[in-house]
Amino acid sequence: MRKKRPAPSEPEQAAGNGLLDRRLFLTGGAAAIGSAALSDTARAAEVPPVQLLPVEPWMKTPGSPFTAYGQPSRYTSKVARVFASAPGTTGTGTSRTPHHLLDGMITPNGLHFERHHNGIPDINPEAHRLLIHGLVRRPLIFTFDALMRYPMESRIAFIECAGNSALLYQKDPAPLGVQPIHGLLSCAEWTGVRLATLLEEAGVDPRAQWLLAEGADASGMSRSIPLAKAMDDALVAIFQNGEPVRPSNGYPMRLLLPGYEGNMNVKWLRRIKLTEGPTMTKDETSKYTMLLNDGKSLQFCFEQEAKSVITRPSPGLTMGTPGLYEITGLAWSGSGRIAKVEVSADGGASWALAALQEPVLPKAVTRFRSPWRWDGGAATLQSRATDESGYVQPSRSKLIADRGARANYHFNGIASWGVAQGGEVKHVYA
Ligand SMILES: Nc1nc2c(c(=O)[nH]1)N[C@H]1C(S)=C(S)[C@@H](COP(=O)(O)O)O[C@H]1N2
Ligand SMILES: [Mo]
């Protein structure tokens, strides 16, 4: 029998079932315990003398020429959105971001989730106008070129559909993964003109407390927004991750209301009307209200509350050999910065602090990471976010006990991934 190498000093356990101290990856200890985690059979593969790498075919001929707009590698064709349209329509529905195949905090434009209530309009920016009227001193109409001359600002912000993760209201866990369950969330750098700048130019009548925002698509989608939000951090966004906003995300301009439910971020923005009270549009009466247990409905639930989800490991990705893994995921809060994320490998019996990757920005997603030594056995992985207001992401059972299971929107309870003996990962309720 071969003699075992002396084990490198064992990293600090941070919680049950193999969760290790979050500083492990910073101290370089991961390399040591990573190789220690390999089995003896795997180590035997190290024995042959080092060979030179073969010269591959792509090293023997010149590469392909330039293209005007870059595309991803053809080997990454699975890194794609999944989508579904309502019966009888082609463009009414959602497409979802493949967070299990992405990393970092920015969602590439081609993978930003989409939610359209009646397809994507083909808007000629030269014909597009933005009207500001209602309770203002002088109504204004902006052309696209006029808007481009205003000072701009950038904000890295998430947009999350209020219906994201709604499947977790169901009695039984949907046999699905991160993308179909939690994929109505994306995060981008949005650049544009502060709405406050435009409103100040129009001159807000002191009676105005709300505004109506309307899109130029065929859905008649419009929402009422408190004036205070408009004057705070609202943006008329013209650029998305540095390039013009994509048609699917609101070209030539969209409203960005950082932290507010996706629906209020009106795309293809064409009209803002200042009003004394909310307009009570169909999208804030028949929809986007939360039906509670007592039969009453909550209306105007603007902020997306703190939430997190583990993106890897997650269903659809199978574990390899037992050993060291990184648990990673996203955390976000509509009311500010993420203060901490805790990770559990034993269904919430014990929790370890995850490392938060910089930058940690308000109303943007934060990437978290936690080292985990998987022993090959069963585990239930969970993450729990706390934001800077002190709000803690609730367990699924607490959320449903407080709110009921018919609310449909704003599900932000803790999600669980069950790892079975052998490594299959499934959506479970813990
Ligand atoms: N004009 C208009 N704005 C809209 C919508 C729409 O259908 N029409 N969908 C809303 C919904 S429900 C969401 S969740 C977000 C989605 O933004 P995205 O498609 O850029 O991800 O846009 C909102 N703005
Ligand atoms: Mo939405």
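Residues numbered from 1 in each chain as written. Chains lettered and ligands numbered in written order. Predicted model: local features only at pLDDT ≥ 70, side-chain atom pairs only at ≥ 80, totals over all residues. Heavy atoms only, no water.

Regarding the overall build of the protein chain
Assigned secondary structure in the protein chain consists of nine helices and 26 strands. Its C-alpha atoms give the protein chain a radius of gyration of 24 Å, near enough to 22 Å, the size a compact globule of 430 residues would have. Once the C-alpha set of the protein chain is aligned to its principal axes, its extents read approximately 90 × 65 × 45 Å. By the burial criterion, 49% of the 430 residues in the protein chain qualify as buried. Contacts spanning at least 24 positions in sequence make up 72% of the contacts within the protein chain whose residues lie at least 6 apart. Counting only carbon and sulfur atoms, one obtains 56% of the accessible surface of the protein chain, whose full area is about 20,600 Å². If the 46 positive side-chain charges of the protein chain are averaged to one point and the 39 negative ones to another, these points end up 3 Å apart. (Helix = DSSP H or I, 4+ residues; strand = E, 2+ residues; numbered from the N terminus. Rg over C-alpha atoms; globule rule 2.2 N^0.38 Å. Buried < 20%, exposed > 50% of the residue type's maximum accessible area, 1.4 Å probe, protein only. Contact = heavy atoms within 4.5 Å. Areas by Shrake-Rupley, 256 points an atom, 1.4 Å probe, with all protein chains shown as cover. Lys, Arg positive; Asp, Glu negative; His and termini not counted. Charge placed at Lys NZ, Arg CZ, Asp CG, Glu CD.)

Considerations on the side chain of S383
Position of S383 relative to the elements: it lies in strand β24 (residues 379-387). The class of S383 is buried, set by a relative accessible area of 2%. Side chain to side chain, S383 and S308 meet in a polar contact 2.8 Å long. (Polar contact = N/O pair within 3.5 Å; in protein donor to acceptor, adjacent residues only side chain to side chain.)

Side note on the environment of E153
Checked against the element boundaries, E153 lands in strand β8 (residues 153-160). The exposure class of E153 is partly exposed, given its relative accessible area of 32%. A sequence separation of 56 residues divides E153 from Q209, and the C-alpha atoms of the two residues are 24 Å apart. Ignoring any residue separated from it by four or fewer positions in sequence, one finds E153 in contact with W190, T191, G192, R194 and L235.

Points about the site of ligand 1
Taken together, 21 residues form the shell around ligand 1, and within it F113, H117, D217, R254 and K267 come nearest. Side-chain polar atom of H112 to an oxygen atom of ligand 1: 3.3 Å apart, as the coordinates give it. Between K267 and ligand 1, the recorded distance is 2.5 Å, taken from a side-chain N or O atom to an oxygen atom. Taken by itself ligand 1 offers 540 Å² of open surface, and the protein chains cover 100% of this. Of the residues forming the shell around ligand 1, the biggest block, three residues, is contributed by strand β5 (residues 114-116). Here the residues of the shell around ligand 1 are counted per class, giving six nonpolar, 10 polar and five charged. (Near = heavy atom within 4 Å. Nonpolar A, V, L, I, M, F, W, Y, C, P; charged D, E, K, R; others polar.)

Observations concerning the sheet that holds β5
The three strands are arranged β3-β4-β5 in an open sheet whose pairing can be described as antiparallel. Bordering the open sheet on either side are β3 (82-85) and β5, each of which pairs with just one other strand. With strand direction ignored, the average angle separating the axes of adjacent strands in the sheet is 5°. Direction of pairing for β3 relative to strand β4 (residues 93-96): antiparallel, over a ladder of four bridges. Of the residues in β4, the one forming a bridge with A84 is T94. (Pairing = 2+ DSSP bridges. Axes fitted to C-alpha atoms, helices over the stretch in contact; angles between N-to-C directions.)

Here we look at helix α6 (residues 195-202)
For α6, the set of buried residues is L195, A196, L198, L199 and A202. Buried residues of α6 fall within an arc of 160° about the axis and therefore sit on the same side. Downstream of α6 by one or two residues, G203 has phi in the positive range, about 80°. (Arc of directions from axis to C-beta.)

Quick notes on the packing of aromatic side chains
The full count for this structure, using the stated rule, is 10 aromatic pairs. With centroids separated by 5.8 Å and ring planes inclined at 75°, the aromatic side chains of F142 and Y150 adopt a geometry described as edge-to-face. Chaining the aromatic ring pairs together yields one cluster made of W210, Y260, F300 and F302. Above the ring of Y260, the side-chain terminus of K229 is found at 4.3 Å from the ring centroid. R396 extends its terminal NZ or CZ atom over the ring of Y429, reaching a point 3.5 Å from the ring centre. (Phe/Tyr/Trp six-rings, centres within 6.5 Å; stacked < 30°, edge-to-face > 60°. Lys NZ or Arg CZ within 6 Å of the ring centre and 35° of its normal.)

Points about unusual backbone geometry
Of the consecutive residues Y251 and P252, the connecting peptide bond is found in the cis state with omega at 5°. If you trace the backbone, P252 turns up in the loop between β13 (243-244) and β14 (254-256). P359 follows E358 through a cis peptide bond whose omega is -5°. Examined against the element boundaries, P359 turns out to sit in the loop between β22 (355-356) and β23 (366-374). The residue M280 is not glycine, and still its phi comes out positive at about 60°. Residues other than glycine seldom take positive phi values, yet H410 does so here, at roughly 55°. Checked against the element boundaries, H410 lands in the loop between α9 (396-403) and β25 (416-419). Residue classification places H410 among the buried positions, given a relative accessible area of 7%.

Points about the pairing of strand β6 (residues 129-134)
Two strands pair when backbone bridges link them, and β6 and strand β7 (residues 140-143) are joined in this way by four bridges, in the antiparallel orientation. What sits directly across from I132, in β7, is L140. What sits between β6 and β7 in their antiparallel hairpin is a turn of five residues. The pairing of β6 with strand β15 (residues 269-275) spans four bridges and is parallel.

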